[in-house]
Every structure is written in C-alpha cells, then in structure tokens.
Amino acid sequence: MGLLNRKPAALAMLGSIDNVRQLIKPFDSNGINLIEKDFVTIDELLEGIRENRNVEYILISDSALVGIDDGKYEVVKEIRKNYEDVFIAMFFNYERPDEKFKNWAFGYSVYGLYYPDGSGNFNFKNIIPQLLAKSMPTKQREAEDVESESQSKQEEIDSLKRVISGLQDRLKLAENDNDSEAQKRIESEVALYKDNLTALQEDKAALEKELREIIESQKKTIKKAVSEAEIKAKEVEELKRIVNKIEKPNSSSFQMKSSVIIGVFSLSRGAGSTRTSVQIGEHFARDGFSTAVIAYDDKPDLKYKKRGKANYFIPDKGNKKIALLSALKQDYQFIILDFGNLFYIAPHGELDAGGLTDRKDDIEEFLRCHYKVGVGFSDEWHVGRLNYFINNDLFHDSDTSIFCIEGIDNCSSINKYDLNICERNSDIVLHLLYEWLGLKLQERTRGRRIGIFARKNEED
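These numbers were taken from a predicted model, which means no experiment stands behind them.

**Some words on the sheet that holds strand β5 (residues 112-114)**
Point 1. Reading across from one edge, β2-β1-β3-β4-β5 is the order of the 5 strands in this open sheet, with parallel pairing throughout. Each having just a single partner strand, β2 (33-38) and β5 make up the two edges of the open sheet. Averaged over all pairs of adjacent strands, the angle between their axes in this sheet comes to 20 degrees, without regard to strand direction.
Point 2. In the sheet, strand β3 (residues 55-61) pairs with strand β4 (residues 87-91) via 5 bridges, with the strands oriented parallel. What sits directly across from I60, in β4, is M90.

**Considerations on the pairing of strand β1 (residues 9-13)**
Point 1. Counted residue by residue, β1 has 5 buried out of 5 residues, so it is predominantly covered.
Point 2. Here β1 shows no split at all, with A9, L11 and M13 on one side and A10 and A12 on the other all buried.
Point 3. One ladder, built from 5 bridges, connects β1 with β3; its direction is parallel. When the sheet's bridge partners are listed, A10 is paired in β3 with Y57.

**Observations regarding the nonpolar core**
Point 1. Within the largest apolar cluster, 32 residues are counted, with the highest numbers of intra-cluster contacts made by F265, L337, L386 and F389.
Point 2. Those elements that place two or more of their residues in this core are β6 (260-266), β7 (291-295), α10 (320-329), β9 (334-340), α11 (360-368), α13 (386-390) and β11 (401-406).
Point 3. Listed in part, the 31 residues of the second largest apolar core include I262, A285, Y371 and V373.

**A short note on the environment of P26**
Point 1. Locating P26 in the fold gives a position in helix α1 (residues 17-29).
Point 2. A relative accessible area of 28% means that P26 is categorised as partly exposed.
Point 3. Considering only alpha carbons, one finds P26 and K125, 99 residues apart in sequence, at a separation of 8.3 Å.

**Focus on the pattern of salt bridges**
Point 1. For the structure on display, the rule yields 11 salt bridges.
Point 2. With a shortest N-O distance of 2.9 Å, R21 and E36 are connected by a salt bridge. Note that R21 is positioned in helix α1 and E36 in strand β2, a separation of 15 residues in sequence.
Point 3. The exposure class assigned to R21 is partly exposed, which follows from its relative accessible area of 46%.

**As for the side chain of K153**
Point 1. Examined against the element boundaries, K153 turns out to sit in helix α6 (residues 138-176).
Point 2. Once residues lying within four places of it in the same chain are set aside, the contact partners of K153 are L200, D203, K204 and L207.

**Focus: unusual backbone geometry**
Point 1. For S109, which is not glycine, the phi torsion reads 55 degrees and is therefore positive.
Point 2. Counting through the fold element by element, S109 comes out in the loop between α4 (99-107) and β5.
Point 3. In this structure, D331 is a non-glycine residue whose phi angle is positive, near 65 degrees.

**Looking at the packing of aromatic side chains**
Point 1. One pass over the structure, following the stated rule, counts 25 aromatic pairs.
Point 2. Relative to Y115, the ring of F92 has its centre 5.2 Å away and its plane inclined at 20 degrees; by these criteria the two rings are stacked. Of this pair, F92 sits in the loop between β4 and α4 while Y115 sits in the loop between β5 and α5 (124-133); the two residues are 23 residues apart in sequence, bridging distant segments of the chain.
Point 3. With a relative accessible area of 24%, Y115 lands in the partly exposed category.
Point 4. Summarising the aromatic geometry, the rings of F284 and Y434 are spaced 5.2 Å apart at their centres and angled 5 degrees between planes, so their arrangement reads as stacked. Taken together, the residues span a long stretch of sequence, with F284 in helix α9 (residues 273-286) and Y434 in helix α15 (residues 428-437) at a distance of 150 residues.
Point 5. For F284, a relative accessible area of 0% puts it in the buried group.
Point 6. By the ring-pair criterion, three or more aromatic residues cluster together here, those being Y73, F92, F101, W104, Y108 and Y115.
Point 7. We note K72 situated over the ring of F101; from NZ or CZ to the ring centre the distance is 4.6 Å.

The rules behind these values
- The numbering scheme is per chain: residues are counted from 1 as the chain's sequence reads.
- Whole-chain, interface and lining totals are the exception, using all residues; otherwise, since this is a predicted model, local features are given only for residues with pLDDT of at least 70 and side-chain atom pairs are given and counted only at 80 or more.
- Side-chain metrics rest on all non-hydrogen atoms present in the structure, leaving aside hydrogens and water.
- Being paired, for any two strands, means DSSP has found at least two bridges between them.
- Numbering of helices and strands runs from the N terminus, with a helix taken as a DSSP run of H or I at least four residues long and a strand as a DSSP run of E at least two residues long.
- Axis lines are fitted through C-alpha atoms, for helices just across the contact stretch, and the angle between N-to-C directions can take any value from 0 to 180 degrees.
- Only protein chains enter the accessibility calculation, which uses a 1.4 Å probe; a residue whose area is less than 20% of its type maximum is buried, one above 50% is exposed, and one in between is partly exposed.
- We define the nonpolar core as a collection of buried residues of types Ala, Val, Leu, Ile, Met, Phe, Trp, Tyr and Cys that are connected through side-chain atoms lying within 4.5 Å of one another.
- For salt bridges, the criterion is a side-chain nitrogen of Lys or Arg within 4 Å of an Asp or Glu carboxyl oxygen.
- Note on contacts: a residue pair is in contact if any heavy atoms of the two residues lie within 4.5 Å.
- When two rings of Phe, Tyr or Trp (its six-membered ring) have centres within 6.5 Å they constitute a pair, described as stacked for plane angles under 30 degrees, edge-to-face for angles over 60, and tilted for the intermediate range.
- Cation placement over rings: the criterion is NZ of Lys or CZ of Arg within 6 Å of the ring centroid and within 35° of the ring normal.

All quantities given are derived from atomic positions and should not be read as evidence of function.
Right under this line is the structure:
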C-alpha cells in the first residue's frame, strides 16, 4: 500500500486505554486508524500529532481533563494554536449541553460536541459517520453553501464576459465590412448576454450580501461567546482564589461571638443537607440553646418541616443575607445554614468552578461559617466526590469540618479518604460538634450549661 492510500489517523485522549480499545474496531471498519494509545497530557497529545502526520481526528473526553484547569478550553486552544485543520470531537460524560461553550468552541472550529444518551452511552454508530463527514453546524454549512454558489455565479459571469468580448470583436469586424445584417444580429446577442450578465451580477451581489450577514452574525456570536467565556474565566479564578483561601478558624475567637454558625451542604443533589440541618438544629434547641435554621439554598423544603424546638427561616430569593443578619441581631446562640448542593462536583471529584459563579455570595458566606458539615452518599458514583476535598486544606481541618456519608459500612473505598467521616444517620456529628464547642452532650432534661455558652449567673 502506497503512502497516498494510508488511512487517516485519529488520536484519543479519553481517560482510559480501555475506552480507546473499544473504539478501534468500529473506527477501523469506517476507514479511520485509531491509534491504540490514550494520551494523558495536552503536551503528549500535541507530540502525538507531530509524530503522526496523517492525523485528521482528535477524540477528547472530559474524563481525561480531570486536574487540568479549564481543561476543555485549554486543550482546544493549544491544539488550534498548532493545528488549524485537525477535526476535534469532544465527549462530555459529566456536563450538560452548554450553549455558551458551544459558541466559544465554534470560534475555534470545533463542531463535534457529543453528550451521552439517557442510558449514559454515546451512539458511535451515528457519531463516526459525522466524523467522516467532518460535520459542521448549520450556519457554517450555510455560509459555505452560499460562498460556493457565489463562486459558481462568478464563473458564469466570467464565462459570459468572455462570450460578450468575443461578440464585440465580431461586431467590429461586421462594422468594418459594413455588414448591417451581421451587426444587428450580433448587437441583439450582445444585448441578450448583457441582460443575463446583469442578472448574474445582481444574484452574486445578493449572495455576497447574504454571506457577509452570515459571517457578521457568526462573528458577533463568537465575540459574545468569547467575551462571556473571558468574564466567566475571571469569575472562576476569583472563586478558586476564594475557595482555596485557607483561613484556619481560631477556636478561641468563637468564645467572643454571640452566635456560632454551622454550614451544611450536600455533595450531590438529594444527599440530605436539609434533613441534617434540621437534626442538628433540633438537637441544639432541645438542649436549651436558642437555634435558628435558615434555608440558604433558595429551596422551600423547610416549609414542610413540622413544628420543632428550633426556629426556621425560609427567606425569599435575594433576602438570605437579611435573614442571617436578622438571626445574628436576635442573638441566636446557634445558626444553621442549609446551603443545599453548593459545590458542583463531578463523580470523580473534579470541581466545576464555572458552575459556582451563580452562588459566589453563598460560597463566601459558607467559607465564613465556623463549622462545616458535608452530607453525601456512599455509592461509588457519589463517594468519589470526596476526592475534591482531600486536597483542600479548608475541609481537611479535623476541628472544623466533617462529612456525613450514608452507608459507609458498605463502602469498601471509604478508608482512602483522609477526612473526618461518619455515618450520616449517626450521632457522631453531634458528638463532634459538641466536643469542638466545648459542650457536653447531655440528656434532654439538662442541668447547667457547660462550655462557651455557660451562663455567668450559673453556679460553679
């Protein structure tokens, strides 16, 4: 087989060599040589393209971009910086379709963005033919069709001009020969062709205008997407700075405060931050401490809480801060803030900082909480979210943070997480909170208070 007959090649950055191997055969049967290697870093991928000159396709999964800051943006920019024509296909296992990213990617000529079906699978039976066709969005195809039609009109115009030029040469000869019959015939033909030429030129001008409008619309869309991406990138960087800012709480300073604030959050939706907030709030309230529980997640769940010892606040959207300040002003000894699903974390532990921008103020408030309680599930596709917190010192503080995970006895991998972890439905979290606060966990009928809330008029 000669060099000219070599199959186009594809390189993969899919996060697993097994994923690559599963695709080799279907790609091969469609005439694409998928190299049996899973590239790990962007630099390694670029080197792979350099070494394989017949590479036409790059397959990238968000699973492979874990740990790369703004990975889906950076990998595209780096590839396009070096290779303009390679077709990039991106597969998103953990993200929902993102119109802003789609527009941004369009600006970098990335048209193949794929998401799993309802079963969590990608339909490569349909995807591979699209890759072969190097399919592009409708607007881009429309622009290319209009441009092609315009070029076709130009070719007809050039052809007619040549015909008219030839007729005009013949007309001069007829004039020199005083052949009036030939002159009339040729003039009639020239007039007809000139009318056709005018019509073609008008058609071409209309196509050029249409093409300019499509291109201008694309430029505006891309400019807007890039601008929004840049703004979001700045917000994300600011959030990363905030989230990663380590301010180890000074326990002695708590004794000077009239209120202790506990932030409760879910590692994934439905993990039970509201239930845990209520349990903690009710326990403090039953022990005689004035306690407020505030819905800080813009959800109405606490409305359905039956009457209890604690006081519950469900502020209207935008009034959370007012509710918190009101609770502080009323001198509640404990304030429990239910943040709900505050952090957007993929099952493998990657933080989607871009998803945090809408809750920037909530995150800042959460980081100011004296104590932090995370609530989650022990299923393998849930517990992996703890990976994010392992490397974040703010949550690594054994004196201020704890994770309540439901079903840890049945989770074989739970021991690898070097964090304060307890069973969600146990009283361990309450014991720890009381220990941290210097309080004694007592029966519901209590004697004197002990710890930072000991009343001055109580006898020793």
